[in-house]
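# A structural walkthrough
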Amino acid sequence: MGKIIAIANQKGGVGKTTTAVNLAAAMGILGKRTLLADVDPQGNSSSGVGIDRRKLKNTIYEVLTGEATVQDIMIHTEFSGLDLLPSSMDLAAAEIELAELEHRESVLKNALVPLRNDYDFIFIDCPPSLGMITTNALCVADTLLVPIQCEYYALEGLSQLMNTVRRVKRQYNAQLEIEGVLLTMYDGRLNLTQQVVEEVKKYFPRKVFSTVIPRAVRISEAPSFGRPIQYFDKSSRGTESYNLLAEEIIRENKM
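Quick caveat, the model's predicted, so the values are computed rather than measured. (Residues numbered from 1 in each chain as written. Predicted model: local features only at pLDDT ≥ 70, side-chain atom pairs only at ≥ 80, totals over all residues. Heavy atoms only, no water.)

### Here's the deal with the overall build of the chain
Note the following rule: Put simply, DSSP H or I for four residues or longer makes a helix, DSSP E for two residues or longer makes a strand, and each gets a number counted from the N terminus. Radius of gyration here uses only the C-alpha atoms, and the compact-globule reference equals 2.2 Å multiplied by the residue count raised to the power 0.38. Using a 1.4 Å probe, accessible areas were evaluated by the Shrake-Rupley method; residue-level cover was limited to the displayed protein chains.
Helix and strand counts for the chain come out as twelve helices and eight strands. In summary, the chain has a C-alpha radius of gyration of 17 Å against a globular reference of 18 Å for 255 residues, a match within 12%. The dimensions of the chain, computed from C-alpha atoms along their principal axes, are 50 × 40 × 35 Å. Of the roughly 11600 Å² of accessible surface on the chain, a fraction of 48% belongs to carbon and sulfur atoms.

### A short note on the nonpolar core
Convention followed: Take the buried residues of types Ala, Val, Leu, Ile, Met, Phe, Trp, Tyr and Cys, join any two whose side-chain atoms come within 4.5 Å, and each joined set is a nonpolar core. Residue burial is assigned from relative accessible area. The probe radius is 1.4 Å, only protein chains are included, and a residue is buried under 20% of its type maximum, exposed over 50%, and partly exposed in between.
Formed by 54 residues in total, the largest nonpolar core has its most connected members in Leu-85, Ile-124 and Leu-144. It is helix H7 (residues 132-140) that contributes the most residues to this core, six residues altogether. Membership of the second largest hydrophobic core comes to 32 residues, among which are Ile-5, Met-27, Leu-84 and Leu-245.

### Concerning the sheet that holds strand S3 (residues 75-76)
Quick reminder of the rule: The pairing criterion for strands is at least two bridges between them, as found by DSSP. Residues count as neighbours in contact if any of their non-hydrogen atoms are within 4.5 Å of one another. What counts as an axis is a line fitted to C-alpha atoms, over the stretch in contact for a helix, and the angles between N-to-C directions run from 0 to 180 degrees.
Reading across from one edge, S3-S4-S2-S5-S1-S6-S7-S8 is the order of the eight strands in this open sheet, with mixed pairing throughout. Each end of this open sheet is capped by a strand with a single partner; those strands are S3 and strand S8 (208-214). Pairing of strand S7 (residues 177-186) with S8, which is carried by three bridges, proceeds in the parallel orientation. Residue pairing across strands places Leu-183 opposite Val-212, the latter belonging to S8. Against the sheet, helix H8 (residues 158-171) makes contact with strand S6 (143-149) and S7, and its axis sits at roughly 175 degrees relative to S6, the strand it touches most. The sheet contacts of helix H12 (residues 237-253) involve strand S1 (3-7), strand S5 (121-125), S6, S7 and S8, and relative to S8 the element is tilted by about 165 degrees.

Structure follows, in structure tokens:
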């Protein structure tokens, strides 16, 4: 049975979507059947694997509103072992529409749970907010992966995220745990980076991945070409780091 991992941090610019795309691609390369569910209205995970969202008839929005099934919107990408449930700007309206539904927190769960046996890993790229869509993602997820950038305000707002996790755990998903905290935009030469690492490890004892993601131009360039870093520059530090992260997660989960 596949594992469902939500990737979330309501603070923007922390490498959330970059991690979703590149980690999912790394899993596929390592032979794991992988699904990337893009539930961010910005749809950057979709474009990050080369999908032109303007040409899509249906997306995850139609799944959440009951107008389509996941099979209707499933895209088998050109990248090894990687499938996609794409997003669109319409998803922004789903926050309001879901609020009116009964059992509104379980809509995404009802869509994704039947896919568990088809994949080794299902990654959910959440919006940079703590609204109803993120709540839906946390309700279906087994674990939460939190990217944190190695910058001055790294821990800002994280107490809100943890409060949301505790609320979801208490009300809807008692099994929800932290998969790990991922340090992104890492530059070991800076004193500030070391200070942030120490602070994050105090806040999340024993939950920080040993793999870190470096600050690297090639990681930033890859999305504009619609390719995960592994297919954009396979010899880059970014490729090595995301592959190591995938191996670390596989090892920890004994998969």
